[in-house]
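Per-entry structural report
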Amino acid sequence: EVQLVESGGGLVQAGGSLRLSCAASGFRLDDFDIGWFRKAPGKEMEGVSCISSKDGRRLYTDSVAGRFTISSDNAKNTLYLQMNNLKPEDTAVYYCAQTMPHDPLRCDGDYEYDYWGQGTQVTVSS
């Protein structure tokens, strides 16, 4: 029943922008900690940005802070990741994922979230 479906990935030139969407079904998005993760070739899974279900706290990994913005639309039960000033090193498969609420909020590749989408490819050319 639980399903997460990412969309919005594609090929973009460095400096460009892209907005990823994650449509959730089978659960209320705001009842869970939820976030965006990415897997770049040759690198481990990395937490990009997450939202706490408890207080709405948002975390960003340092490499995207100031360029990416995570947001959610509860009416649409959809999570978004606005990505601006994209860089080639942002190239990766991006996943949205959810887990039971956790205090403190976890948003790192080492923490195993419970449900994952299929991923959407983001490729940034130089």
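Every value quoted in this text rests on a predicted model; they were computed, and no experiment measured them.

**A word on the pattern of salt bridges**
Applying the stated criterion across every chain yields a total of seven salt bridges. Residue Asp103 is joined to Lys54 by a salt bridge in which the shortest nitrogen-to-oxygen separation is 3.1 Å. Placement of the pair is Asp103 in the loop between strand 9 (92-99) and strand 10 (115-116) and Lys54 in the loop between strand 5 (46-51) and strand 6 (58-60), with a sequence separation of 49 residues. Each member of the pair Asp103 and Lys54 is classed as exposed. The partner of Asp108 in a salt bridge is Arg106, and the shortest N-O contact between them spans 2.9 Å.

**Topic: the nonpolar core**
Generally speaking, a soluble globular protein has its nonpolar side chains buried in company with each other. Core analysis: the largest hydrophobic core is formed by 26 residues, its most contacted members being Leu20, Trp36, Phe68, Leu79, Leu81, Met83 and Tyr94. The set of elements that each furnish at least two residues to this core consists of strand 3 (18-25), strand 4 (33-39), strand 5, strand 7 (68-73), strand 8 (78-83), strand 9 and strand 11 (120-125). Every residue in contact with Leu81, bar those within four places of it in the chain, is listed here: Leu18, Arg19, Leu20, Trp36, Val48, Ser49, Phe68, Thr69, Ile70 and Tyr94. Grouped together as the second largest cluster of nonpolar side chains are seven residues, Phe37, Cys50, Ala97 and Cys107 included.

**Regarding the state of the cysteines**
One pass over the full model with this rule turns up two disulfides. Disulfide pairing places Cys22 opposite Cys96 at an S-S distance of 2.0 Å. Since a negative S-S torsion denotes a left-handed disulfide, the Cys22-Cys96 link at about 60° is right-handed. Of the two residues, Cys22 is situated in strand 3 and Cys96 in strand 9; the sequence distance between them amounts to 74 residues. Residue Cys22 is classed as buried on the basis of its relative accessible area, which comes to 0%. One disulfide bridge connects Cys50 with Cys107, the sulfur atoms lying 2.1 Å from each other. Given an S-S torsion of about 75°, the disulfide between Cys50 and Cys107 has right-handed geometry. A residue pair is termed long-range when its members are at least 10 positions apart, and Cys50 in strand 5 and Cys107 in the loop between strand 9 and strand 10 qualify at 57 residues. Here the two residues Cys50 and Cys107 agree in accessibility, since each one is buried.

Here is what the cut-offs are and how they apply
- Residues numbered from 1 in each chain as written.
- Predicted model: local features only at pLDDT ≥ 70, side-chain atom pairs only at ≥ 80, totals over all residues.
- Heavy atoms only, no water.
- Salt bridge = Lys/Arg side-chain N within 4 Å of Asp/Glu carboxyl O.
- Helix = DSSP H or I, 4+ residues; strand = E, 2+ residues; numbered from the N terminus.
- Buried < 20%, exposed > 50% of the residue type's maximum accessible area, 1.4 Å probe, protein only.
- Core = buried A, V, L, I, M, F, W, Y, C linked by side-chain atoms within 4.5 Å.
- Contact = heavy atoms within 4.5 Å.
- Disulfide = S-S within 2.5 Å.

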